[in-house]
Number of protein chains: 2
Amino acid sequence: MAQTPSIPKGTRDFSQQETAERNYIFDTLADVFRSFGYARIETPAMENLSTLLGKYGEEGDRLLFRVLNSGDPFTGTDFESFRGEDGTYNAPLLSKQLCDKGLRYDLTVPFARYVVQHRNDLTFPFKRFQIQPVWRADRPQKGRYREFCQCDVDVIGSRSLLNELELVQIVNRAFGLLDIRVLLKINNRKVLTGFAEICGFPDKVTDITVAIDKLDKIGLDAVNAELLAKGLPESAVKVIDEILALKGDTAAKIASMRSLMNGGSASGVVSETGLKGLDELEELFGLISAAGISIPVEMDLSLARGLNYYTGAIFEVKALDWEIGSICGGGRYDNLTGIFGLPDVSGVGISFGADRIYDVMKGLGKFPAGLHTSAKVLFANMDEAATGYVLGLADALRNKGISAEVWPDAGKLKKQFDYAERKGIPFLSINGSDEAASGTLNLKNLATGEQHSFSKEDLDGVCAFIEA
Amino acid sequence: MAQTPSIPKGTRDFSQQETAERNYIFDTLADVFRSFGYARIETPAMENLSTLLGKYGEEGDRLLFRVLNSGDPFTGTDFESFRGEDGTYNAPLLSKQLCDKGLRYDLTVPFARYVVQHRNDLTFPFKRFQIQPVWRADRPQKGRYREFCQCDVDVIGSRSLLNELELVQIVNRAFGLLDIRVLLKINNRKVLTGFAEICGFPDKVTDITVAIDKLDKIGLDAVNAELLAKGLPESAVKVIDEILALKGDTAAKIASMRSLMNGGSASGVVSETGLKGLDELEELFGLISAAGISIPVEMDLSLARGLNYYTGAIFEVKALDWEIGSICGGGRYDNLTGIFGLPDVSGVGISFGADRIYDVMKGLGKFPAGLHTSAKVLFANMDEAATGYVLGLADALRNKGISAEVWPDAGKLKKQFDYAERKGIPFLSINGSDEAASGTLNLKNLATGEQHSFSKEDLDGVCAFIEA
């Protein structure tokens, strides 16, 4: 019996239309990246699991797609030794035994691995972009896929905040070209560290950030209750309330925070790290306002993006006219290549989520018309004796840069006409033995009905008629 | 301790230069495919193993990369039941138990699956191309990788030989643009079937083809010995010798074969299939000579390409100036979608091996210069007070389509100069507070040493200087 064909859940086929639209996003981003001097690299879909494991937290390890070792990975494995007293297997350990490779989970860790592995061949600061699919065994849902495409742009080997500015310029230019209204939110990991330090709980950065993040949704009392539940004392909560009470524009907020970080909070603690983070924020916002960035840019003290490897600026971009979560994000990382043996190389990067950007553009109708184009001309095939003549006409048009199809089976016009219509081929050319004898090329604009006969030598005339 | 980073054997990183060169191949092929009315689709990297298994023979099944099921795929598996008396496990069965998905092995089976799954949304004849990586757990060696890229172009839903001709035209145009001299070899599966039929051994097609293929290398006596060893009787070998003795050009050979297939061989057997195949070959070669194909095209009776699903024309392309095996191949398949429940849809397609084409072009020095371009201009950074001014100049150039970098750290010129040189950035622009005050943009051509000062309003002058 024939199989019913399907694809794994969370993966997608892309039709001709969808592929053209996705490539429009990729090409636009690539052009923007290149205009700032970034160049493209590619890394393999499979990485050694030793490269991937432990880089994305326990949850990330669980979501890695593992590739079974080739041949017979089983013989020699003592399966019982991986079995617990309850009869279940230790899946992480046993899969490590059976699988050396996994599918890449993002483009950042492969990039770090690439930089370390090829460091002697690279010119620093190294500016690269990378547009490739990644895979995560997440539960598929609306807007979340198991195979999706990331578009990463990073510069590594420079601590200058001009690099942060450049990423802001890239975001500004890219979403301008894609015609999506966005808000760029910026935070700084050192400021978050500073909050925790002046609370007296430097190890509670995540709890504090999560609580700050919820203020708008749940209100101050609930935030305070949550912080107490996380084990913070009243005194620490009081400091956080001072932060939450900050008012004013970015400059005013930074000034107030500077005072809090400088010993002016209820705890009296001074946070050098926090002050450094405020310096960075202030400098970056100064650069942004001098650089004529047209998208709104806002400081967001709750922005953390997982915190895993960021050490300075943190970025996130939201679409203003479409509800979908963040469509772009990134930040500064000082230690990323350290895990691969190359310490003290600071970098900053940002990742565009092409699939969500696609959903936003589709939802808002932002794709230009005509991205997916069929051939410009269908040459009909009604007269077998003229086939050779028609083939020559089609190839002559291709030489002029005009795409052309020849209907493969000599036969009725109706079917050929329908084909052109269904595929949106704008011109039909019907030529038989008479035209072959006289060297004529007939052309009909199917939208307007306009017809014209050309000498087959008059290709410029043909092109002008088609491109009019 | 830091890990030493590496990638799985048989996979590759692609540098900025390599990525640019690879994309040159992909873009050239895509443009050619589009000029004939083919449009691009994409399918997921992972397919269900049920889609892939059994489509590539036993060897192919063994070479599939299998993806371990997520979560805990082990608990509930009775490992002992997969174990033979010799203590080894039945790897194919056990991996089927643990893995539902595999990485795609080629683009043809996913295409067949796609056509069946989406048949109600497609316009037939359906002309698509697809440029994506595939994965095979082959032993890596020179020119053979575990991740490599295929560029497939197929038309499905038409039996006309004009489709075969179109693929020949595509090969002709593509290798012309890539500037690789090639030989296109053509055979027909029905003719191979005919050989076996007139020998009286229709099931020995593969043995007979393999033997014919070796004639040039091992000579007639050794071929005959091999055929006898494969179990063919003297009488059958005699028929094959008649085929091998065929002389003359394509037309003469076809005429001689027609006589053999029509009962004129030692066996006296008539092969209707063989005669049909000769008709197809004759028609196709007629079309090819009428169409003005400039590459050499040759009939090769030994060409079989695995025989797995071909039913008519078989194609193979060899580079004439570089030893590497075939760089492109394909054929007609009448039954491919049948395995997924859609019988009687004939198609024909051809696959360009991008990685081998890359090796040929690299070996012959065929890549145009300047494919990988760094930014056109490096704006030096020596005077922090002028940073904002310089940032504005760079962005103004980008608006004119000229890529530009700004050196991130104010400092010595030497380092910035070296960076431009190492990256091959052709122009350096050095501007400080004086230039900011006077609204000047200095530009130096690093190759010629030519310098010029422009008003910052004179962007057209700047562009002309750069593009000169």
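Here is what the cut-offs are and how they apply
- Residues numbered from 1 in each chain as written.
- Chains lettered and ligands numbered in written order.
- Predicted model: local features only at pLDDT ≥ 70, side-chain atom pairs only at ≥ 80, totals over all residues.
- Heavy atoms only, no water.
- Helix = DSSP H or I, 4+ residues; strand = E, 2+ residues; numbered from the N terminus.
- Rg over C-alpha atoms; globule rule 2.2 N^0.38 Å.
- Buried < 20%, exposed > 50% of the residue type's maximum accessible area, 1.4 Å probe, protein only.
- Areas by Shrake-Rupley, 256 points an atom, 1.4 Å probe, with all protein chains shown as cover.
- Lys, Arg positive; Asp, Glu negative; His and termini not counted.
- Charge placed at Lys NZ, Arg CZ, Asp CG, Glu CD.
- Axes fitted to C-alpha atoms, helices over the stretch in contact; angles between N-to-C directions.
- Parallel < 35°, antiparallel > 145°, perpendicular 65-115°, else oblique.
- Left-handed = near helix turned anticlockwise from the far one by under 90°.
- Contact = heavy atoms within 4.5 Å.
- Pairing = 2+ DSSP bridges.
- Least-squares fit on C-alpha atoms with pLDDT ≥ 70 in both.
- Domains from an automatic or database assignment.
- Nonpolar A, V, L, I, M, F, W, Y, C, P; charged D, E, K, R; others polar.

1. Overview of the overall build of chain A
Thinking step 1. Looking only at helices and strands, chain A features 18 helices and 16 strands.
Thinking step 2. Its C-alpha atoms give chain A a radius of gyration of 29 Å, more than 25% over the compact-globule value 23 Å for 468 residues.
Thinking step 3. C-alpha extents for chain A along the principal axes are approximately 95 × 65 × 50 Å.
Thinking step 4. Of all 468 residues assigned to chain A, the portion counted as buried reaches 59%.
Thinking step 5. Carbon together with sulfur atoms contributes 48% to the accessible area of chain A, which is approximately 19,000 Å² in total.
Thinking step 6. Seen as two clouds, the 52 positive and the 64 negative side-chain charges of chain A have centres 1 Å apart.

2. Considerations on the packing of helix α9 (residues 215-229) of chain B against helix α10 (residues 234-244) of chain B
All names here are of chain B.
Thinking step 1. Between α9 and α10, the shortest axis-to-axis distance is 8 Å and the interhelical angle comes to 160 degrees. Considering their axes alone, α9 and α10 lie roughly antiparallel with respect to each other. The interaxial crossing formed by α9 with α10 has right-handed handedness. In contact with Leu-215, Leu-220, Val-223, Asn-224, Leu-227 and Leu-228 of α9, α10 contributes Glu-234, Val-237, Ile-240, Asp-241 and Leu-244.

3. Remarks on the sheet that holds strand β16 (residues 451-455) of chain A
Residues and elements named next belong to chain A.
Thinking step 1. What the five strands build is an open sheet, ordered β13-β12-β14-β15-β16; its pairing is mixed. Both outer strands of the open sheet, β13 (404-406) and β16, are each paired with one neighbouring strand and no more. On average, adjacent strands in this sheet sit at an angle of 25 degrees to one another, irrespective of strand direction.
Thinking step 2. Of the pairings in the sheet, the one linking strand β12 (residues 377-379) to strand β14 (residues 427-429) comprises three bridges and is parallel in character. Across the sheet, Val-377 pairs through a bridge with Phe-427, a residue of β14.

4. A look at the pairing of strand β10 (residues 326-333) of chain B
All names here are of chain B.
Thinking step 1. In terms of burial, β10 is a largely internal element, eight of the eight residues being buried.
Thinking step 2. Across five bridges, the pairing between strand β9 (residues 313-319) and β10 is antiparallel. Each bridged residue has a counterpart across the sheet, and for Lys-318 the counterpart in β10 is Ser-326.
Thinking step 3. Connecting β9 to the antiparallel partner β10 that follows it, the hairpin turn spans six residues, and Gly-325 within it adopts a positive phi of roughly 80 degrees.

5. What about the relation of the copies chain A and chain B?
Thinking step 1. With an RMSD of 0.0 Å, the operation that places chain A on chain B is a rotation of 180 degrees combined with a shift of 0.0 Å along the axis. Considering both components of the superposition, the chain copies are consistent with a two-fold axis. Taking C-alpha positions as reference, the residue of chain A nearest the rotation axis is Val67(A), located at 2.2 Å.
Thinking step 2. Taken together, the interface assignments show that 100% of the residues at the interface of chain A recur at the interface of chain B, consistent with an identical surface on both copies.

6. With respect to the domain arrangement of chain A
Thinking step 1. Domain parsing of chain A yields domain 1 (16-41 + 118-364) and domain 2 (377-467).
Thinking step 2. Taking only C-alpha atoms, the centre of domain 1 of chain A and the centre of domain 2 of chain A are 55 Å apart.

7. Overview of the packing of helix α8 (residues 205-213) of chain B against α9(B)
Residue and element names in this part refer to chain B.
Thinking step 1. One can describe the packing of α8 onto α9 by two numbers: an axis separation of 7 Å at closest approach and a directional angle of 140 degrees. Taken together, the residues of α9 that come into contact with α8 (itself represented by Asp-207, Ile-208, Val-210, Ala-211, Ile-212 and Asp-213) are Leu-215, Val-223, Glu-226 and Leu-227.
Thinking step 2. Split by residue class, the contact of α8 with α9 holds seven nonpolar, no polar and three charged.

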